[in-house]
Amino acid sequence: MDTTPPVFTLKRSSDTEILTTILNEASVNEFPFALWRLPNTTVKNLIISNQYQKLTEKPVIEELNTGFIFAPFDKKKEKIFLPADYFFRFENGQLKPPSTPLEISSNTWLENFKPAKDGINYKIASYNKQLSFQSVPLDYIELVRSGIAEIQNGSFEKVVPSRTKHVPLPDDFDIVKAFEKLCSAYPHALVSFVNIPSVGTWLGATPEVLVSVEDKTIFRTVALAGTQRYKEGMNLKSIAWTQKDIEEQALVELYIISCFKKIRLREYEEHGPKTSIAGNLIHLKSDFMVDMKATNFPQLGSIMLDLLHPTSAVCGMPLQPATDFIKQREGYDRSFYAGYLGPVNIDSNINIFVNLRCMQIFKTDAILYAGAGVTIDSIPELELEETEMKFNTLLNVVFQDAISSH
Ligand SMILES: C=C(O[C@H]1C=CC=C(C(=O)O)[C@@H]1O)C(=O)O
């Protein structure tokens, strides 16, 4: 009797089956991977690496191979790069026909693929079980109050304190399905699932571009801040914003402009601010654009990545005292929350986002992260409520079944 496992039947499988099987295999072999869907696209992309690489403090992203970058909030901590040893794209429920040498070799690997186990039994992060989350219990309202007090004392103008929420995972939690639900619910977000053995498992749907470079020519970033709940049918053109929200967003704009000033770049376009949808929320957003050829800044992506991160949408202004406040008072390590992530040098494009509306997944639980911009006009109770709304971006979609069955 032939006991060899059947060759993976690529053509008859749906994208979910192929994905689940590949990810299962990647997990068994402890290969890091990143699965993502860019905003306003329908293609799901998967990179698998044999091993991750550690990047230097100021990586020159333009010179990296095709891959995926994953960086923590703390600038001094190690940034991770997942080189694309295997690369797959999925669209309309199927694996896309390969179009590059990398995709062709990846497909050949998959054609000869003998899954380690039959069936779809991908279990999350069993190899990340040694990771744990530590925090000092903290009262968010108190934290915001002390932020306001520091602003009144003149320590800084704005700070973005964050908090976490601990959620037990339902027994039948399926991370690939969770990723797919987020893709359907949030067409305008970068939806991502990053899994790096011994580093962590992260799932998210972020609205905030940090650095995008199109065709090595057009640099883009955004100033995003101010939050309200989005209600179906809202007319975005007639939304009113409070003075607090307007100032909070203006500080992010100022921060970005101060980064351009540092490199004496004057030829940038700025549009906005306008109201922009981010899942269950709306924010104020200004778009910045630079023609890198006309301004002769071929490495503007790397330069701005280093200058911008962490922007005052996630940290504060001025940067140093706000960073110190967060480090000393928040009571936990933000890890990859409010860091950045995204694909690098795929089809000559770079698409790096701020890691917001995200959660870290452990063996039996998830930790969600959210922050809120605090200015002198902040009302602590409203900032707390805002972080709850931000948790709901993921909670309402990922744990929808668990919530509705209770
Ligand atoms: C810090 C977060 O959001 C930032 C991005 C948009 C609006 C924000 C705000 O209104 O506070 C935050 O600056 C988060 O989602 O955890």
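Residues numbered from 1 in each chain as written. Predicted model: local features only at pLDDT ≥ 70, side-chain atom pairs only at ≥ 80, totals over all residues. Heavy atoms only, no water.

As recorded by an unreviewed UniProt entry, the protein carries the name Chorismate-binding protein and is attributed to Chryseosolibacter indicus.

**Here's the deal with the overall build of the protein**
In terms of helices and strands, the protein carries 9 helices and 20 strands. Compactness check: the protein gives a C-alpha radius of gyration of 21 Å against a globular reference of 22 Å for 406 residues, within 12% of the reference. Principal-axis analysis of the C-alpha atoms places the extent of the protein at approximately 80 × 55 × 40 Å. Counting every position in the protein, which comprises 406 residues, the buried fraction comes to 56%. When contacts within the protein are restricted to residue pairs at least 6 apart in sequence, those whose partners lie at least 24 apart make up 73%. Approximately 18100 Å² of the protein is accessible, and the part contributed by carbon and sulfur atoms is 51%. In the protein, 41 side chains carry a positive charge and 49 a negative one; their mean positions are 1 Å apart. (Helix = DSSP H or I, 4+ residues; strand = E, 2+ residues; numbered from the N terminus. Rg over C-alpha atoms; globule rule 2.2 N^0.38 Å. Buried < 20%, exposed > 50% of the residue type's maximum accessible area, 1.4 Å probe, protein only. Contact = heavy atoms within 4.5 Å. Areas by Shrake-Rupley, 256 points an atom, 1.4 Å probe, with all protein chains shown as cover. Lys, Arg positive; Asp, Glu negative; His and termini not counted. Charge placed at Lys NZ, Arg CZ, Asp CG, Glu CD.)

**Some remarks on the packing of helix 4 (residues 175-185) against helix 8 (residues 380-398)**
Running from amino to carboxyl end, helix 4 crosses helix 8 at an angle of 115°, the nearest separation of the two axes being 9 Å. In this structure, helix 4 crosses over helix 8, and the sense of that crossing is right-handed. Residues Ala178, Lys181, Leu182 and Ala185 of helix 4 lie in contact with helix 8, whose contacting residues are Thr393, Leu394, Val397 and Val398. Residue composition of the contact of helix 4 with helix 8, grouped by class: 6 nonpolar, 1 polar and 1 charged. (Axes fitted to C-alpha atoms, helices over the stretch in contact; angles between N-to-C directions. Left-handed = near helix turned anticlockwise from the far one by under 90°. Nonpolar A, V, L, I, M, F, W, Y, C, P; charged D, E, K, R; others polar.)

**What about the sheet that holds strand 13 (residues 218-229)?**
Backbone hydrogen bonds are what pair the strands of a sheet, in a parallel or an antiparallel way. Read across the open sheet, the 9 strands follow the order 3-5-4-17-18-12-13-15-14; overall the sheet is antiparallel. Looking at strand neighbours, the two that pair on one side only are strand 3 (53-55) and strand 14 (269-278), the edges of this open sheet. Pairwise comparison of adjacent strand axes, ignoring direction, gives a mean angle of 20° for this sheet. Contacts from helix 5 (residues 243-262) reach strand 13, strand 14 and strand 15 (281-291), with the element oriented near 165° to strand 13. (Pairing = 2+ DSSP bridges.)

**Considering the sheet that holds strand 11 (residues 200-206)**
The 9 strands are arranged 7-6-2-1-10-11-19-20-9 in an open sheet whose pairing can be described as antiparallel. This sheet does not close on itself; its edge strands, each paired only once, are strand 7 (94-95) and strand 9 (162-168). In this structure, strand 6 (residues 86-91) lies alongside strand 7, joined through 2 bridges in antiparallel fashion. From the neighbouring strand, phenylalanine 90 faces strand 7, where its bridge partner is leucine 95.

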